[in-house]
Amino acid sequence: MSIRTEKWAPEGPGATRLTLHQPEAPDPGTGEVTIAVRAVGMNRVDAINVSDGAPDIGYEVSGTVAALGQDADGHDIGDEVLSFRVQGGYATAVTVSARDVFAKPPGLGWAEAANLLLTGTTAAEMVHRTKIAAGDVVLVHGASGAVGISAVQQSKLLGARVLGTASQKNWDLLRRFGAEPVAYGPGLEQRVRELTDHVDVALDAVGTAEAVDVSLALVADRRRIASSAASDRAKSDGFWIAGHETDSADYRNQVRSHLIELAGAGRLTVPMAKTFPFADAPDALNLVASGHAGGKVALLV
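Computed from a predicted structure; not experimentally measured.

Participant: Before we move on, can you summarise the overall build of the protein with the specific residues and values?
Facilitator: Counting secondary structure elements, the protein contains ten helices and 15 strands. For the protein, whose C-alpha radius of gyration is 20 Å, the value lies close to the compact-globule estimate of 19 Å for 301 residues. Its C-alpha atoms give the protein principal-axis dimensions of roughly 60 × 50 × 35 Å. In the protein, which comprises 301 residues, the proportion classed as buried is 50%. A sequence separation of at least 24 residues applies to 64% of the contacts in the protein between residues at least 6 apart. Here the protein has roughly 13,700 Å² of accessible surface; of this, 49% comes from carbon and sulfur atoms. For the protein, the separation between the mean place of its 27 positive charges and that of its 36 negative charges on side chains is 5 Å.

Participant: Tell me about the layout of surface pockets, and please be specific about residues and values.
Facilitator: In this structure, the second largest pocket spans a volume of roughly 320 Å³. Along its surface, the second largest pocket is lined by 23 residues, and Pro 26, Gln 87, Gly 88, Ala 93 and Val 94 are the ones closest to its centre. At five residues, the largest contribution of residues to the lining of the second largest pocket is made by strand 6 (residues 93-97). Of the residues that constitute the lining of the second largest pocket, the class distribution is twelve nonpolar, five polar and six charged.

Participant: How would you summarise the domain arrangement of the protein if you had to cite specific residues and measurements?
Facilitator: Under the domain assignment used here, the protein contains domain 1 (3-115 + 270-300) and domain 2 (122-241). Look at where the C-alpha atoms of domain 1 and domain 2 centre, and you get two points 29 Å apart.

Participant: Which residues make up the nonpolar core, and what are the values?
Facilitator: Core analysis: the largest hydrophobic core is formed by 28 residues, its most contacted members being Val 33, Ile 35, Met 42, Tyr 90, Val 94, Leu 285 and Leu 299. Broken down by secondary-structure element, the contributors of at least two residues to this core are strand 3 (32-42), helix 1 (44-52), strand 4 (61-68), strand 6, helix 10 (281-290) and strand 15 (296-300). Top contributing element to this core by residue count: strand 3, with five residues. Once residues within four sequence positions are removed from consideration, Val 33 is found in contact with Pro 28, Val 65, Ala 67, Leu 68, Ala 72, His 75, Val 94, Thr 95, Val 96, Ala 98 and Val 101. Counting residues in each nonpolar core, the second largest holds 23 residues, with Ala 123, Ile 132, Val 138 and Ala 179 among its members.

Participant: I'd like a description of unusual backbone geometry, backed by residues and values.
Facilitator: The omega torsion of the bond from Phe 84 to Arg 85 falls at 10 degrees, within 30 degrees of zero and hence cis. Considering the arrangement of structural elements, one finds Arg 85 in the loop between strand 5 (80-83) and strand 6. Phi is positive for Lys 131, close to 55 degrees, though the residue is something other than glycine. Position of Lys 131 among the secondary structure elements: in the loop between helix 3 (117-129) and strand 8 (137-141). Judged by relative accessible area, Lys 131 falls into the exposed class, the value being 65%.

Participant: If you had to explain the packing of helix 1 against helix 10 to someone new, which residues and values would you point to?
Facilitator: Running from N to C, helix 1 and helix 10 point in directions that differ by 110 degrees, and their axes come no closer than 8 Å. Judged by the inter-axis angle, helix 1 sits roughly perpendicular to helix 10. The element helix 1 and its partner helix 10 pack so that their crossing is left-handed. From helix 1, Arg 44, Asp 46, Ala 47 and Val 50 reach across to helix 10, where they touch Leu 285, Val 288 and Ala 289. Residues that form the contact of helix 1 with helix 10 fall into these classes: five nonpolar, no polar and two charged.

Participant: Hey, could you go over the side chain of Ser 150 for me, with residue numbers and the actual values?
Facilitator: Take Ser 150: it is sitting in helix 4 (residues 146-157). Take Ser 150: its relative accessible area is 6%, and that puts it in the buried class.

Participant: Go over the packing of aromatic side chains with me, naming the residues and quoting the values.
Facilitator: Applying the stated rule across the entire model yields zero aromatic pairs. Positioned over the ring face of Trp 240 is Arg 129, at 5.2 Å from the centre of the ring.

Cut-offs used in this document
- Residues numbered from 1 in each chain as written.
- Predicted model: local features only at pLDDT ≥ 70, side-chain atom pairs only at ≥ 80, totals over all residues.
- Heavy atoms only, no water.
- Helix = DSSP H or I, 4+ residues; strand = E, 2+ residues; numbered from the N terminus.
- Rg over C-alpha atoms; globule rule 2.2 N^0.38 Å.
- Buried < 20%, exposed > 50% of the residue type's maximum accessible area, 1.4 Å probe, protein only.
- Contact = heavy atoms within 4.5 Å.
- Areas by Shrake-Rupley, 256 points an atom, 1.4 Å probe, with all protein chains shown as cover.
- Lys, Arg positive; Asp, Glu negative; His and termini not counted.
- Charge placed at Lys NZ, Arg CZ, Asp CG, Glu CD.
- 1 Å grid on protein atoms, 1.4 Å probe; cavity = no way out; pocket = protein on both sides within 12 Å on 5 of 7 lines; lining within 4 Å.
- Points joined across faces, edges and corners; volume = space filled by probe spheres on them.
- Nonpolar A, V, L, I, M, F, W, Y, C, P; charged D, E, K, R; others polar.
- Domains from an automatic or database assignment.
- Core = buried A, V, L, I, M, F, W, Y, C linked by side-chain atoms within 4.5 Å.
- Axes fitted to C-alpha atoms, helices over the stretch in contact; angles between N-to-C directions.
- Parallel < 35°, antiparallel > 145°, perpendicular 65-115°, else oblique.
- Left-handed = near helix turned anticlockwise from the far one by under 90°.
- Phe/Tyr/Trp six-rings, centres within 6.5 Å; stacked < 30°, edge-to-face > 60°.
- Lys NZ or Arg CZ within 6 Å of the ring centre and 35° of its normal.

This is the structure:
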């Protein structure tokens, strides 16, 4: 069973709806694995894809191995796993390449496992591009969001001092992960300067003009600025844009195992906001699209 996006008349805003489909996942071919899904990770891009009418949504899941194709080495029936990147993850079962399937750490919940890698690899790429090291002062814009909070944790693991912008209601969350909270909005640059005499790196997880302008004002080396959202400004102002570099896909594939290892050791946390039954996907997507979930959201099968 899967949830798909379907166009309907009249065309235009709101001209899509979610429909429930009954076909079974295809049998696994050579080098493939079928996963009986336990949780579906949800991301803002899913809501964007629904609005755009993309038929298959969902990039990450967790569950158990239900079937194996030939040469699907390293997996056994019943293994608890997570997978990213998949296509059409809003499903009760998915068949995917075995190279995109990883053992789920025993201490990681189904919902957390299904929400680890899309945002985690995005944050990891920004940290990687900007060469964060011990002693760096790092400013994370949108630090309480899914990408932001992963970037905070990954930067702290490298020994950086982290300042994070967020609304005041999320400051306790930032402090929980070792970041120093800063209120966004007018006067942000001055508030940051009051906390530190320099900023080495800026990571932008929101893509607003304020985030980009303040980053450019505070960071001398534009190669140490990265954004997950401001692609137009990245081109015009000469900083990194995560996911759009020539080797982005290769790097994200490579770093998946490392992030899973960190999560399994309790060193990288996925803060969850809410879980929904599989059939309540529309309500869950509305919450994700609002940008105010307060953490990650998952569908439970």
